[in-house]
Amino acid sequence: MSKLPIVDGIIDYIKEDNVPFSMPGHKNGRGFLTTEEGKKLYQSLIKGDITEVEGVDNLHNAESIIKESQELLRDLYGSYKSYFLVNGSTSGNLAMIFSCFNEGDKIIVERNCHRSVFNAIILKKLRPIYIKNIISKAYNAPFSIDMEHFLKIIDEHPEAKGIVVTYPNYYGICTDLKAVIKRAKEKNMLVLVDSAHGAHFGFSSELPESAVKLGADIVVMSAHKTLPSLTQSAYLHVGDNIDINKVNFYVSAFTSTSPSYMLMSTLDYARYFMETQGRQVFEECIKIANIYREKINSLQSFHILSREDIKKEFSGYNYDMDATRFVIHLDNNYSGHELLEYLRGRAVQCEMSDDSNVVLILSPFNIEQDYEKLYYALKQCPLEQLKTDFSRVLINDLPQTAMLPYEVMDKDSFQVEIDEAVGSISAASIVPYPPGVPIIMPGEIVDEEAINMIKYYLENNKSVLGVNSGKKILVIKE
Ligand SMILES: Cc1ncc(COP(=O)(O)O)c(C=O)c1O
């Protein structure tokens, strides 16, 4: 057994020398090495791991260098005030939801939201109303929110205080945020955007517009996912109609009292890099991506989703797609998971897979050889090896709610066989992964349809979070 399991594990991974088509956005450090300023930062990163000593600033009360850097960030994105986050978009989602809503408020939220959004709903004791996600039959994956359902929900719940949307989702697919914001504003609702995957948006006309520019009231971005900054580093952008005192309090409350200068330095650098070169390098990145998109599309059984595919799927609304994300869709009976594993064996690291697709995150720091390696690996892929018992993503109607999610936390619960759970109130989220869209949320009533769905995913050997190995689920003791 190794004495340094983590250190050795990471060194072994580095030795594999995988082509980086996954997070973080700096792609194995390359993102810091394309400029003189970046090189200097790279060389002094560990020595720069200091705390708020004399002469530097304090993130919890920014008055000098951090303040100045945050103001530059604000100017670049066009917000009223911008913050550095060292605890990821996870802390940003918590801080934005806590700043915008009061205990007991009703809010409209995408069913397929990130767990930090759902945790905020529990901790702040909110009443969520869910918007369904569209499941694409053609691509067998969840594709952003169902606009018709959103419009119905917003009319049925005019007392809701706001809406929380993900823009884009993990597949790079963007809802028609402009239309969502317009409708929400007509109803005097706040629009909170989890744009964890969209920090690079708006830097090219080939990319979707930034959520800040589209007029969202408050926006979270994981800089580390698509820009040259370290894992865990993120931005929060706030509009002028939000109570800044509350945001100051909650951002601080959800942040370590020892914020890392390594993370903050790279947040400063990512902003500088985007300001000085963002447009040019992202346009070059999209150009090369488009060349390889065509090459890969010419191979049998692979198709990379395009803006046009998404627009066709969602005609009538202005849905969009991130041009720096490859979603490689496989013909019917080939498995995305098997392809991801095969590519890793060929030293190509992808971001994630589902039953029918593999997602890759591209960046200006991916060089032509990376794409060549991907292309040849796909070209030489023994398709027979990817064959699987195909399962189709199913989605149920939203179950009835018996309790609010936070009320569940104080109740006693027990495990019950799935078949015996009909009519019980769930004490946990039950989420087949993929696609990651919850079948049941805590406080919802387990109905026949939900049980059939859970069984379908289990029979197809999918992992279903919230179902234990004995095929039991947690329900409330009444
Ligand atoms: C949509 C979405 N929101 C928020 C997060 C959390 O981001 P972070 O890892 O920066 O905390 C993620 C993480 O993957 C995400 O996919």
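Residues numbered from 1 in each chain as written. Predicted model: local features only at pLDDT ≥ 70, side-chain atom pairs only at ≥ 80, totals over all residues. Heavy atoms only, no water.

Would you take a moment to explain the overall build of the protein chain for this structure?
The secondary structure content of the protein chain amounts to 15 helices and 21 strands. The C-alpha atoms of the protein chain give a radius of gyration of 23 Å, which matches the 23 Å a tight globule of 478 residues would have. Across its three principal axes, the protein chain shows a C-alpha extent of roughly 65 × 60 × 55 Å. Counting every position in the protein chain, which comprises 478 residues, the buried fraction comes to 56%. (Helix = DSSP H or I, 4+ residues; strand = E, 2+ residues; numbered from the N terminus. Rg over C-alpha atoms; globule rule 2.2 N^0.38 Å. Buried < 20%, exposed > 50% of the residue type's maximum accessible area, 1.4 Å probe, protein only.)

What is the right way to look at the packing of aromatic side chains in this model?
Two aromatic rings are characterised by how far apart their centres lie and by the angle between their planes. In total, this model carries 19 aromatic pairs according to the counting rule given. Measuring from centroid to centroid gives 5.9 Å for Tyr-139 and Phe-143, while their planes differ by 25 degrees, and the two rings are stacked. Pair check on accessibility: Tyr-139 and Phe-143 agree, each one buried. Over the face of the ring belonging to Tyr-130 we find Arg-111, whose NZ or CZ atom lies 4.7 Å from the ring centre. (Phe/Tyr/Trp six-rings, centres within 6.5 Å; stacked < 30°, edge-to-face > 60°. Lys NZ or Arg CZ within 6 Å of the ring centre and 35° of its normal.)

Looking at this model, I keep getting lost on the packing of helix H3 (residues 65–77) against helix H10 (residues 261–297). Mind explaining?
Axis angle and axis distance: for two packed helices, these are the angle between their axes and the distance between the axes, and together they describe the pair. Taken N-terminus to C-terminus, the directions of H3 and H10 make an angle of 35 degrees; their axes are 10 Å apart at the nearest point. The element H3 and its partner H10 pack so that their crossing is left-handed. Taken together, the residues of H10 that come into contact with H3 (itself represented by Ile-65, Ile-66, Ser-69, Leu-72, Leu-73 and Leu-76) are Tyr-261, Met-264, Asp-268, Arg-271, Met-274 and Glu-275. A class-by-class count of the residues in the contact of H3 with H10 yields eight nonpolar, one polar and three charged. (Axes fitted to C-alpha atoms, helices over the stretch in contact; angles between N-to-C directions. Left-handed = near helix turned anticlockwise from the far one by under 90°. Contact = heavy atoms within 4.5 Å. Nonpolar A, V, L, I, M, F, W, Y, C, P; charged D, E, K, R; others polar.)

Can you walk me through the site of the ligand in this structure?
Lining the immediate environment of the ligand, one finds 13 residues, of which Ser-89, Thr-90, Asp-194, His-197 and Ser-222 sit closest. For the ligand, an oxygen atom lies 2.8 Å from a polar atom in the backbone of Ser-89. Contact between the ligand and His-224: an oxygen atom at 2.8 Å from a side-chain N or O atom of the residue. Relative to its free-state accessible area of 390 Å², the ligand is covered by the protein chains to the extent of 83%. Taken together, the elements giving at least two residues each to the shell around the ligand come down to helix H4 (88–100) and helix H8 (223–226). Of all the elements, H4 adds the most residues to the shell around the ligand, at four residues. In terms of residue class, the shell around the ligand is built from two nonpolar, nine polar and two charged. (Near = heavy atom within 4 Å. Polar contact = N/O pair within 3.5 Å; in protein donor to acceptor, adjacent residues only side chain to side chain. Areas by Shrake-Rupley, 256 points an atom, 1.4 Å probe, with all protein chains shown as cover.)

Please clarify how the sheet that holds strand S17 (residues 357–361) should be interpreted in this entry.
Where strands meet in a sheet, backbone hydrogen bonds hold them as pairs that are either parallel or antiparallel. One open sheet accounts for four strands, arranged S12-S14-S17-S16; its pairing is antiparallel. Edge positions in the open sheet fall to strand S12 (302–304) and strand S16 (352–353), since each of these has one partner strand only. Alignment of S16 against S17, held across two bridges, turns out to be antiparallel. Residue pairing across strands places Met-352 opposite Val-359, the latter belonging to S17. (Pairing = 2+ DSSP bridges.)

Please explain the nonpolar core as it appears in this structure.
The nonpolar side chains of a soluble globular protein tend to be buried, and buried together. Of all hydrophobic cores here, the largest spans 70 residues; its most connected members are Tyr-77, Ile-108, Ile-163, Val-193 and Tyr-235. By residue number, the principal contributor to this core is H10, which donates twelve residues. Beyond its immediate stretch of four places on either side in the chain, Ile-108 contacts Ile-129, Ile-131, Ile-153, Ile-154, Ala-160, Gly-162, Ile-163, Val-164 and Met-189. In terms of nonpolar packing, the next biggest core, distinct from the first, is built from 33 residues, Leu-94, Val-220, Ala-234 and Val-247 among them. (Core = buried A, V, L, I, M, F, W, Y, C linked by side-chain atoms within 4.5 Å.)

How do you make sense of the pairing of strand S7 (residues 162–166) when you look at a structure like this?
Along any regular strand, the residues point their side chains to alternate faces of the sheet. Within S7, five of the five residues are buried, leaving the element largely enclosed by the surrounding structure. Residues Gly-162, Val-164 and Thr-166 point to one face of S7 and Ile-163 and Val-165 to the other, with burial holding for every one of them. The sheet contact formed by S7 and strand S9 (residues 190–194) spans five bridges and is parallel. Looking across to S9, one finds that Thr-166 is bridged to Asp-194.

Just checking my understanding: could you explain a nonpolar patch on the surface for this structure?
Side chains of Ile-6, Ile-10, Tyr-13 and Ile-14 sit close together on the surface and give an oily, nonpolar patch of about 430 Å² of accessible area. If you trace the backbone, Ile-6 turns up in helix H1 (residues 5–16). (Patch = residues over 30% accessible without salt bridge, like charges linked within 9 Å, V, L, I, M, F, W, Y side chains within 5 Å. Salt bridge = Lys/Arg side-chain N within 4 Å of Asp/Glu carboxyl O.)

Would you mind going over the sheet that holds strand S2 (residues 81–85) with me for this structure?
Taken in spatial order, the seven strands of this open sheet run S2-S11-S10-S9-S7-S3-S4, and their pairing is mixed. The open sheet has two edge strands, S2 and strand S4 (127–131), and neither has a second partner. Averaged over all adjacent pairs, the angle separating strand axes in this sheet is 15 degrees, with direction ignored. Where strand S10 (residues 218–221) meets strand S11 (residues 234–238), four bridges bridge the pair, whose relative direction is antiparallel. Residue pairing for S11: Val-220 is matched across the bridge by Leu-236. The strands that helix H7 (residues 177–186) touches are S7 and S9; relative to S9, the one it contacts most, it runs at about 150 degrees.

Explanation requested: the environment of Ile-108 in the structure shown.
For Ile-108, the location among the structural elements is in strand S3 (residues 106–110). Residues Ile-108 and Ile-154, 46 residues apart in the sequence, show an inter-C-alpha distance of 7.6 Å.

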